[in-house]
Amino acid sequence: MYETIEDVLVTLHTGQWFGFDGDKVYANLWVADGYDKPTEEELNSLLSDKQAEYDANQYQRDRVYPQLGEQFDKLWHDINNGTLDNTGEFFTALKEVKDNNPK
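Residues numbered from 1 in each chain as written. Predicted model: local features only at pLDDT ≥ 70, side-chain atom pairs only at ≥ 80, totals over all residues. Heavy atoms only, no water.

### Looking at the pattern of salt bridges
Operational definition: Salt bridges are counted wherever a side-chain nitrogen of Lys or Arg sits within 4 Å of a carboxyl oxygen of Asp or Glu. A helix here means a DSSP run of H or I that spans at least four residues, while a strand means a run of E at least two residues long, and both kinds are numbered starting from the N terminus. Throughout, exposure labels follow a simple rule: accessible area from a 1.4 Å probe, protein chains only, divided by the maximum for the residue type, with under 20% read as buried, over 50% as exposed, and the rest as partly exposed.
Per the stated rule, a full pass over the model turns up 4 salt bridges. Two residues, E6 and K24, come together in a salt bridge whose shortest N-O distance is 3.1 Å. Taken together, the residues E6 in helix 1 (residues 5-12) and K24 in the loop between strand 1 (18-20) and strand 2 (29-31) connect sequence positions 18 residues apart. Note that K74 is salt-bridged to E89, the shortest N-O span being 3.7 Å. Pair noted here: K74 is in helix 4 (residues 68-81) and E89 is in helix 5 (residues 89-100), with a separation of 15 residues, a long-range link. For E89, a relative accessible area of 43% corresponds to the partly exposed category. Several salt bridges share partner residues, and in doing so they unite E70, K74 and E89 into one network.

Next up, the structure:
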């Protein structure tokens, strides 16, 4: 989630390249030698873009796997039916998600 300019700044470069003198607001932002200080407008625009991208992926993050109640129900039925292996509903439902979303 992107809520502050600091959340964006850490994505621009590696290492300790910026800091704040006081509150974490643009007016207190300093950058290390060798780095250009982004404008406040650039940071706010990037913050808005990153947050919009994050929000657009919320559905995917929340709903890739079946709801936990549904998973537990599948698990219970598989135990009850003696199919607590790779043929059961619980296994196949989760395997489908994993196959469709490889790391």
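Having seen it, we continue.
### Overview of the nonpolar core
Put simply, the rule is: Residues grouped as a nonpolar core are buried Ala, Val, Leu, Ile, Met, Phe, Trp, Tyr and Cys residues, joined through side-chain atoms within 4.5 Å. In what follows, a contact means two residues having at least one pair of non-hydrogen atoms within 4.5 Å.
Counting 10 residues, the largest nonpolar core consists of I5, V8, L9, W17, F18, F20, Y26, L29, L43 and L47. Within the residue set of this core, elements represented by two or more residues are helix 1, strand 1 and helix 2 (40-56). By residue number, the principal contributor to this core is helix 1, which donates 3 residues. Not counting chain neighbours up to four residues away, the residues in contact with L9 comprise W17, F18, F20, L29, P38 and L43.

### Points about the packing of helix 4 against helix 5
The relative placement of two packed helices comes down to the angle between their axes together with the axis-to-axis distance. To be explicit about the condition: Between N-to-C directions, angles span 0 to 180 degrees; the directions come from axes that are lines fitted to C-alpha atoms, helices contributing only their stretch in contact. Relative orientations are named as follows: roughly parallel for angles under 35 degrees, roughly antiparallel for angles over 145 degrees, roughly perpendicular for angles from 65 to 115 degrees, and oblique for any other angle. Charged residues are taken to be Asp, Glu, Lys and Arg, nonpolar residues to be Ala, Val, Leu, Ile, Met, Phe, Trp, Tyr, Cys and Pro, and polar residues to be all remaining types, Gly included.
Their axes nearest at 7 Å, the elements helix 4 and helix 5 cross at an angle of 140°. By the angle between their directions, the pair helix 4 and helix 5 is classed as oblique. In this structure, helix 4 contributes Q71, K74, L75 and D78 to the contact, and helix 5 contributes E89, F90, F91, A93 and L94. Along the lines of polarity and charge, the residues of the contact of helix 4 with helix 5 split into 5 nonpolar, 1 polar and 3 charged.

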